Amino acid sequence: MLSNGREEVVKSCVSLPELHAQVFCHSSKNITRTECCYTDFCNNITLRLPLDNGTWTQLWLVSEYHEQGSLFDYLNRGTVTVEGMVRLALSVASGLAHLHMEIVGTQGKPAIAHRDLKSKNILVKRNETCAIADLGLAVKHDSVLNTIDIPQNPRVGTRRYMAPEILDDAMNTNIFESFKRADIYSLGLVYWEIARRCSVGGITEEYQLPYYDLVPSDPSIEDMRRVVCEQKLRPSIPNQWQSCEALRVLGRLMRECWRASGAARLTALRVKKTISQLCVPEDCKA
Ligand SMILES: Nc1ncnc2c1ncn2[C@@H]1O[C@H](COP(=O)(O)OP(=O)(O)O)[C@@H](O)[C@H]1O
Ligand SMILES: [Mg+2]
């Protein structure tokens, strides 16, 4: 797990059925105090429990357990209706818009960019809406100092979902907006994953990861760069999506999310507004 004296963060995950929660354990060396902190964000309680090991601190992040698992698992298990698709897509956009937005005040929050948005890092709640998870790579913006806290974590996201400017190393990491724009690119890919599983008139596509037909599994940066930056390819949009308003709109949104130029992409708030205006007409129902 942790070795002596090294600055390192480890996240492990344990299910606690009696708590109906998942526990994430962040451990960091170089800390002398003995404490274990269980934070249940859902119930707003923090328990500090003594540990018999006096050399390091364990921080336990306890979050609600979502038995449906990740959006990736959910889409693999079955198809979604048009209403279901709109609900999933809207809740992801709402979550991302909230994450990206700075809220000033004592109850406020900084603007945060996720940096590893993908279907495996989105959870599906019991009510079939999504929650964005795994903020392990997230960065926050300090709007007063106009600085970005880049964590020591060397991971830079999942290659398959990386925006073209990350793949060809052209992103301006001094501007916080760049990180938000890269999240939007990934959002477009997640929408494509959802929309393929939408059943209209009994027609649906099998579940696939974005670029499944263009890169090997576990693609290298170079594999991705060739396809996304050089050949400028994007996931294909099936013709039958044109026959349904919601799929048509989602298809258009995807294209506007995965544009080559980050500045030309939509904002999460714009995506959220467009989807929330979608009414689901009768002829689209499965
Ligand atoms: N609160 C939760 N409820 C249910 N499943 C979860 C929860 N959090 C994570 N998972 C499952 O564990 C997987 C990994 O969790 P994640 O937070 O993304 O950690 P990692 O850093 O290992 O990617 C997710 O893809 C999901 O399947
Ligand atoms: Mg993850």
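Residues numbered from 1 in each chain as written. Chains lettered and ligands numbered in written order. Predicted model: local features only at pLDDT ≥ 70, side-chain atom pairs only at ≥ 80, totals over all residues. Heavy atoms only, no water.

A few points about the nonpolar core
Moving on, step 1. Leu71, Met85, Leu187, Tyr191, Leu250, Met254 and Val271 are the most contacted members of the largest nonpolar core, which totals 67 residues.
Moving on, step 2. With 12 residues, helix 4 (residues 176-196) is the largest single contributor of residues to this core.
Moving on, step 3. Discounting residues that sit within four places of it in the chain, Leu71 has contacts with Leu88, Ser119, Ile122, Leu123, Val124, Cys130, Val190 and Ile194. (Core = buried A, V, L, I, M, F, W, Y, C linked by side-chain atoms within 4.5 Å. Buried < 20%, exposed > 50% of the residue type's maximum accessible area, 1.4 Å probe, protein only. Helix = DSSP H or I, 4+ residues; strand = E, 2+ residues; numbered from the N terminus. Contact = heavy atoms within 4.5 Å.)

Examining the packing of helix 2 (residues 82-100) against helix 7 (residues 268-276)
Moving on, step 1. Closest axis-to-axis distance for the helix 2/helix 7 pair is 8 Å, and the angle between their directions is 150°. The orientation of helix 2 relative to helix 7 falls into the category roughly antiparallel. Relative to helix 7, the crossing made by helix 2 is left-handed. Residues Val86, Ala89, Leu90, Ala93, Ser94, Leu96, Ala97 and His100 of helix 2 lie in contact with helix 7, whose contacting residues are Ala268, Leu269, Val271, Lys272, Ile275 and Ser276.
Moving on, step 2. Taken together, the residues of the contact of helix 2 with helix 7 sort by class into 10 nonpolar, 3 polar and 1 charged. (Axes fitted to C-alpha atoms, helices over the stretch in contact; angles between N-to-C directions. Parallel < 35°, antiparallel > 145°, perpendicular 65-115°, else oblique. Left-handed = near helix turned anticlockwise from the far one by under 90°. Nonpolar A, V, L, I, M, F, W, Y, C, P; charged D, E, K, R; others polar.)

Comments concerning the confidence of the model for the chain
Moving on, step 1. Taken over all residues, the pLDDT of the chain has a mean of 81, while the share at 70 or more is 74%.
Moving on, step 2. At the level of individual helices and strands, the chain shows its lowest average pLDDT in strand 3 (residues 36-40), which scores 35, and its highest in helix 1 (residues 71-77), which scores 98.
Moving on, step 3. Per-residue pLDDT stays below 50 along residues 1-52; that stretch engages in 129 contacts with residues further than four places along the chain or on separate chains. (pLDDT = per-residue confidence, 0-100.)

Some thoughts on the pairing of strand 9 (residues 139-142)
Moving on, step 1. Residue alternation in strand 9 divides its side chains into a buried set, Val139 and His141, and an unburied set, Lys140 and Asp142.
Moving on, step 2. Of the pairings in the sheet, the one linking strand 6 (residues 111-113) to strand 9 comprises 3 bridges and is antiparallel in character. By the bridge assignment, Ile112 is partnered in strand 9 with Lys140.
Moving on, step 3. Where strand 9 meets strand 10 (residues 147-148), 2 bridges bridge the pair, whose relative direction is antiparallel. (Pairing = 2+ DSSP bridges.)

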